[in-house]
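Structural overview
Here are the chains, one letter per residue:
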Amino acid sequence: MNSHLLDALSVEALFVLTFLLMVLGLELGFQSGQRAKGKWVEEQAAQVRALMAATLGLLAFMLAFTFSVAQNHFESRIQLQIDEANLARDAFMQADLYSEPMRTQARQLLLEHVEGRVTLNEKVREKRGDQVLQLLNRANEIHLQLWALGIEGRGSETQGMTQSVLGLMGMQTRRVQAALANRIPLIIWLTLYFTAAVAMIVVGHQAGLARSRSPVATYSLALAFSAVMSLISDLDRPFQNLFEVDVTVMRELAEFMRASV
């Protein structure tokens, strides 16, 4: 699993720590600006304003980039679930080509697989990593049992079923990869936080040179950036707090299978 230090923090704790980092940068910059004296202060203020615009623009670019990456990862998980549901439905329908008792066995295994996917989502929401691993292992066992049924059935009439089972096996690997391995690299997070801290220092320094600042404006800026960064982090996590992959397609498929078994 591609994890990093931010995963050890809840999204609430991450938001608070990010906000404190922003406020610290603002205060350090403000104190530095207030200590500036002499006839060069006005010239420095003009230069700092230009630098402030550049650093805030760079921070906005970094936020847009990381949000886009996290959103793509999230959408990929949703699409993979839809693809897996389609494969499971195809395999379920193709099980009609088997003779009894293989047909019933295959359909019951596929129903267990789909129900396990619904349960898997619940355990992810509860952050029960041990049970998530058990469900993934059980899914692998179901795939092997379905493959064994396909080998036992042989014949051209079972070829479609075996292809669907192979597709489910591959989909399991892709979904695990998408959920656990496709993450925003730690170096990007470190760069993002470094850029945010520098931007806040420059904003605070500009206010210090002006000898005045608006607490509402400056702290609102810190709150806004902190909220966006926390959202991006949660969107990219395998165990999310604020976002959830909708499993309606799997629930509906499970109901269809129960009515047909």
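Check the entry above for the structure.
The following refers to the structure shown.

Cut-off values and rules
- Residues numbered from 1 in each chain as written.
- Predicted model: local features only at pLDDT ≥ 70, side-chain atom pairs only at ≥ 80, totals over all residues.
- Heavy atoms only, no water.
- Helix = DSSP H or I, 4+ residues; strand = E, 2+ residues; numbered from the N terminus.
- Rg over C-alpha atoms; globule rule 2.2 N^0.38 Å.
- Buried < 20%, exposed > 50% of the residue type's maximum accessible area, 1.4 Å probe, protein only.
- Core = buried A, V, L, I, M, F, W, Y, C linked by side-chain atoms within 4.5 Å.
- Contact = heavy atoms within 4.5 Å.
- Phe/Tyr/Trp six-rings, centres within 6.5 Å; stacked < 30°, edge-to-face > 60°.
- Lys NZ or Arg CZ within 6 Å of the ring centre and 35° of its normal.
- Axes fitted to C-alpha atoms, helices over the stretch in contact; angles between N-to-C directions.
- Left-handed = near helix turned anticlockwise from the far one by under 90°.
- Nonpolar A, V, L, I, M, F, W, Y, C, P; charged D, E, K, R; others polar.
- Polar contact = N/O pair within 3.5 Å; in protein donor to acceptor, adjacent residues only side chain to side chain.
- Expected span 1.5 Å × (residues − 1).
- Salt bridge = Lys/Arg side-chain N within 4 Å of Asp/Glu carboxyl O.
- Patch = residues over 30% accessible without salt bridge, like charges linked within 9 Å, V, L, I, M, F, W, Y side chains within 5 Å.
- Areas by Shrake-Rupley, 256 points an atom, 1.4 Å probe, with all protein chains shown as cover.

Notes on the overall build of the protein
- For the protein, the helix and strand inventory stands at 8 helices and 0 strands.
- Taken from N to C terminus, the helices and strands of the protein fall in the order α-α-α-α-α-α-α-α.
- Computed over its C-alpha atoms, the radius of gyration of the protein comes to 26 Å, more than 25% above the 18 Å expected for a compact globule of 261 residues.
- For the protein, the C-alpha atoms occupy an extent of roughly 95 × 30 × 25 Å along the three principal directions.
- By the burial criterion, 40% of the 261 residues in the protein qualify as buried.

As for the nonpolar core
- Ranked by internal contacts, the top residues of the largest apolar core, which has 24 residues, are Ala 106, Leu 110, Val 114, Leu 146, Met 161 and Met 257.
- In this structure, Leu 110 is in contact with Ala 88, Ala 91, Phe 92, Leu 146, Met 161, Leu 168 and Met 257, ignoring residues within four places of it in sequence.
- Leu 6, Met 22, Leu 192 and Met 229 belong to the second largest nonpolar core, which has 23 residues in total.

Considering unusual backbone geometry
- Geometrically, the link from Glu 100 to Pro 101 is a cis peptide bond, its omega value of 0° lying close to zero.
- Residue placement: Pro 101 occurs in the loop between α2 (41-94) and α3 (102-125).

Thoughts on the packing of aromatic side chains
- Scanning the entire structure with this criterion turns up 3 aromatic pairs.
- Across from the ring centre of Phe 92, 4.3 Å away, lies the NZ or CZ of Arg 107, which sits over that ring.

Thoughts on the packing of helix α1 (residues 11-35) against helix α7 (residues 215-236)
- Remark: α1 packs on α7, axes separated minimally by 8 Å, with the N-to-C direction vectors making an angle of 145°. Considering the relative orientation of α1 and α7, their crossing is right-handed. Where α1 abuts α7, its residues Val 11, Leu 14, Phe 15, Thr 18, Phe 19, Met 22, Val 23, Leu 26 and Glu 27 lie against Thr 218, Tyr 219, Ala 222, Leu 223, Phe 225, Ser 226, Ala 227, Met 229, Ser 230, Ser 233 and Asp 234.
- Across the contact of α1 with α7, the residue classes break down as 13 nonpolar, 5 polar and 2 charged.

Notes on the side chain of Ser 226
- The residue Ser 226 is located in helix α7 in this model.
- A polar side-chain atom of Ser 226 sits 3.2 Å from the main-chain amide nitrogen of Phe 19.
- With residues near it in sequence (within four places) discarded, Ser 226 still touches Phe 15, Thr 18, Phe 19 and Met 22.

Digging into the packing of α1 against helix α6 (residues 186-209)
- The N-to-C vectors of α1 and α6 enclose an angle of 40°; their axes lie 6 Å apart at closest approach. When you trace α1 past α6, the crossing you get is right-handed. Along its contact with α1, which presents Leu 14, Thr 18, Leu 21, Met 22, Gly 25, Leu 26, Gly 29, Phe 30, Ser 32, Gly 33 and Gln 34, the element α6 presents Tyr 193, Ala 196, Met 200, Ile 201, Val 203, Gly 204, His 205, Ala 207, Gly 208 and Leu 209.

Considering the environment of Ile 232
- One can find Ile 232 in helix α7.
- Take Ile 232: its relative accessible area is 0%, and that puts it in the buried class.
- For the pair Ile 232 and Ala 259, spaced 27 residues apart in sequence, the C-alpha separation works out to 40 Å.
- Once residues within four sequence positions are removed from consideration, Ile 232 is found in contact with Leu 63, Thr 66, Phe 67, Ala 70, Ile 184 and Trp 189.

As for α7
- In this model α7 runs 32 Å from its N-terminal to its C-terminal C-alpha over 22 residues, within 8% of the 32 Å that 1.5 Å per residue would give.
- Taken together, the buried positions of α7 are Thr 218, Ala 222, Phe 225, Ser 226, Met 229, Ser 230, Ile 232, Ser 233, Asp 234, Leu 235 and Asp 236.

Quick word on the environment of His 113
- For His 113, the position within the fold is in helix α3.
- In this structure His 113 comes out as buried when scored by relative accessible area, which is 3%.
- Apart from the residues lying within four places of it in its own chain, the contact partners of His 113 are Glu 84, Ala 139, Ile 142, His 143 and Leu 168.

Some details on the pattern of salt bridges
- Summed over all chains, the structure comprises 10 salt bridges.
- Residue Arg 107 pairs with Asp 96 through a salt bridge whose shortest N-O separation is 2.6 Å. Here the residue Arg 107 occupies a position in helix α3, and Asp 96 occupies one in the loop between α2 and α3, the gap between them amounting to 11 residues.
- Among the salt bridges present, the one from Glu 100 reaches Arg 103, with a minimum N-O distance of 3.0 Å.

So, a nonpolar patch on the surface
- On the surface, Leu 21, Leu 24, Leu 28 and Ile 201 cluster together into a nonpolar patch covering about 330 Å² of accessible area.
- It is α1 that contributes the most residues to the nonpolar patch, 3 residues altogether.
- Counting through the fold element by element, Leu 28 comes out in helix α1.

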